[in-house]
Amino acid sequence: ALYVTLLVLLISSLVGFYVRAQVRDRCLRDFDGFRTTVEIQEHEVAWGTLRVYSSGIELLYPSAYQDQEGHVENSYILYANELANLQALYRFHDHQSEKNRRKRERDIRHAYQPNLLRRAARALRNLFSAFKDAIVQTLNAILGYRATQSPENVMLSKYKDWTASGAQLLSGAVGNAYEPILERYIGQYVVLEILRGDRVEEEHGILKEYSAQNIELLNVKIEV
């Protein structure tokens, strides 16, 4: 039983590590692989192909770039703790490959006024997100009670490790952000106000997704 317990804990820990490594921001991951313009605070702008990771983002330049200090750069990396410096990300339709244009158009069709099946799947995800802590606490209480009833059971004695691994997997699967006000407008055209310096600018588009840090709009008309 001890070896089985250790093996299961090892497997669950590895799976939990893999899940955490794959979890990316709900909004940012939609830009992965697209030609993207990145606007950083203080009006700094960069563009290239975006790669999104659990630990941050990397912008791959179309060609090597030499800065004012003579450094040759091929990409620009922002780690998770630096993403607060982002003002906005843009993926212009005309800048994309034909494959990515079709993918973007498909995203717009699916995002605008989602059907019943998509709404049900989203509601289920939000339910797990809202009650994640309650689920973990309930599981912990049940396993803890069983462990006191069977103190000789080695597997039950590790119930705290079981629930910790379960909490990690659940967090990775459903995420944490849930905002009931924004949920009402998923799939609808909305107006988003963006503060740039001392000016407030408005962007109009389809609200596709939001996370704890970001809001994603589709089909936005931008004048450049």
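Counting of residues starts from 1 at the beginning of each chain's written sequence and follows it residue by residue. It should be noted that, the model being predicted, local features are given only for residues of pLDDT at least 70 and side-chain atom pairs only at 80 or more, the latter also being counted only at that level, while totals for whole chains, interfaces and linings use all residues. Side-chain calculation: all heavy atoms of the structure are included, whereas hydrogens and water are not.

A.B. asks: Sorry, what's going on with the overall build of the protein here?
C.D. replies: Strands are runs of DSSP state E lasting at least 2 residues, helices are runs of H or I lasting at least 4, and numbering of each runs from the N terminus. Looking only at helices and strands, one finds seven helices and eight strands in the protein. Here the protein holds 224 residues, and 33% of them are scored as buried. Partitioning the intrachain contacts of the protein with sequence separation of at least 6 by distance along the chain shows that 53% fall at a separation of at least 24. Note on areas: these come from Shrake-Rupley sampling with a 1.4 Å probe, and a residue is covered only by the protein chains present in the view. A total of about 14,700 Å² of accessible surface is found on the protein, and carbon and sulfur atoms cover 55% of it. The cut-offs for exposure are 20% and 50% of the maximum accessible area for each residue type, with area from a 1.4 Å probe on protein chains only; residues under the lower value are buried, those over the upper are exposed, and the others partly exposed. Should any heavy atoms of two residues lie within 4.5 Å, those residues are counted as being in contact.

A.B. asks: Please explain the environment of Y189 as it appears in this structure.
C.D. replies: Its location among the elements puts Y189 in strand β6 (residues 189-196). Expressed as a C-alpha distance, the spacing of Y189 and N219, which sit 30 residues apart in the sequence, is 9.3 Å. In contact with Y189, other than residues within four places in its own chain, are Y112, H204, G205, I206 and N219. A polar side-chain atom of Y189 sits 2.9 Å from a polar atom in the side chain of N219. Any pair of nitrogen or oxygen atoms within 3.5 Å is treated as a polar contact; in protein, a donor-acceptor pairing is required on top of that, and neighbouring residues in sequence qualify only through side-chain atoms on both sides.

A.B. asks: Help me understand the packing of aromatic side chains, please; the structure alone is not making it clear to me.
C.D. replies: How two aromatic rings sit relative to each other is set out by the distance from centre to centre and by the angle between their planes. Two aromatic rings, drawn from Phe, Tyr or Trp (for Trp, its six-membered ring), form a pair once their centres lie within 6.5 Å of each other, and the interplanar angle then sorts them: stacked below 30 degrees, edge-to-face above 60, tilted otherwise. The tally for this structure, following the rule as stated, stands at three aromatic pairs. For the ring pair Y61 and Y65, a centre distance of 6.2 Å and an interplane angle of 80° mean the geometry is edge-to-face. The class for Y61 is buried, based on a relative accessible area of 17%. In this structure Y65 comes out as partly exposed when scored by relative accessible area, which is 45%. Here R91 stacks its cationic end above the ring of F31, 5.5 Å away from the centre of that ring. By definition, being over a ring means that NZ of Lys or CZ of Arg is both within 6 Å of the ring centre and within 35 degrees of the ring normal.

A.B. asks: Any chance you could explain a positive patch on the surface here in plain terms?
C.D. replies: Among the surface-exposed residues, K99, R102, K103, R106 and R109 lie close enough to one another that they form a single positively charged patch. What makes R102 partly exposed here is its relative accessible area of 47%. A patch consists of residues whose relative accessible area exceeds 30% and which take part in no salt bridge; residues with like charges are grouped when within 9 Å of each other, and nonpolar side chains (Val, Leu, Ile, Met, Phe, Trp, Tyr) when within 5 Å. Basic side-chain nitrogens of Lys or Arg form a salt bridge, by our definition, when they fall within 4 Å of a carboxyl oxygen of Asp or Glu. Charge counting treats Lys and Arg as positive and Asp and Glu as negative, with His and both chain ends excluded. We put the charge of a Lys on NZ, of an Arg on CZ, of an Asp on CG and of a Glu on CD.

A.B. asks: When you look at the sheet that holds strand β4 (residues 72-79) in this model, what are you seeing that I'm missing?
C.D. replies: Pairing between the strands of a sheet is mediated by backbone hydrogen bonds and can be parallel or antiparallel. Strand order across the open sheet formed by five strands is β4-β3-β2-β1-β5, with antiparallel pairing between neighbours. The two strands at the open ends of the sheet, each matched to only one other strand, are β4 and β5 (86-90). Strand-to-strand, the axes of this sheet are offset by a mean angle of 35°, without reference to chain direction. Two strands qualify as a pair provided that DSSP identifies no fewer than 2 bridges between them. Helix axes use the C-alpha atoms of the stretch in contact, all axes being lines fitted to C-alpha atoms, and the angles between their N-to-C directions lie in the range 0 to 180 degrees.

A.B. asks: Even after reading the chapter, I still don't get the sheet that holds strand β7 (residues 199-210), so can you show me in this structure?
C.D. replies: Sheet architecture is open: three strands sit in the order β6-β7-β8, paired in antiparallel fashion. Whereas interior strands pair on both sides, the edge strands pair on one side only; in this sheet they are β6 and β8 (215-218). Averaged over neighbouring strand pairs, the angle between their axes works out to 65° when direction is ignored. Where β7 meets β8, four bridges bridge the pair, whose relative direction is antiparallel. For E209, the partnering residue across the bridge sits in β8 and is E216. Against the sheet, helix α2 (residues 98-111) contacts β7 and β8, and its axis sits at roughly 80° relative to β7.

A.B. asks: For this particular structure, what's the right way to read the pairing of β6?
C.D. replies: Regular strands have side chains that alternate between both faces of the sheet. Note: β6 against β7, eight bridges, orientation antiparallel. Residue pairing across strands places V190 opposite G205, the latter belonging to β7. Following β6, the chain reverses through two residues before pairing antiparallel with β7; G197 in that reversal takes a positive phi of roughly 65°.

A.B. asks: How do you make sense of unusual backbone geometry when you look at a structure like this?
C.D. replies: Trans is the common state for peptide bonds, and a negative phi is the common state for residues other than glycine. Non-glycine residue Q113 carries a positive phi angle of around 45°. Mapped onto the elements, Q113 comes out in the loop between α2 and α3 (116-130).

A.B. asks: Is there a simple way to explain α3 in this structure?
C.D. replies: An α-helical turn contains 3.6 residues, so any two residues separated by three or four positions project in the same direction. If you check α3, its first and last C-alpha atoms are 21 Å apart, about what 15 residues at 1.5 Å a residue would give, namely 21 Å. Those residues of α3 that sit buried are R122, R125, N126 and S129. One face of α3 carries all of its buried residues, which in axial projection span an arc of 100°. Exposed and facing more than 90 degrees away from the buried side of α3 are L116 and L117. For a helix, the expected span equals 1.5 Å multiplied by the number of residues minus one. Summarising the geometry, the arc corresponds to the directions from the helix axis toward the C-beta atoms.

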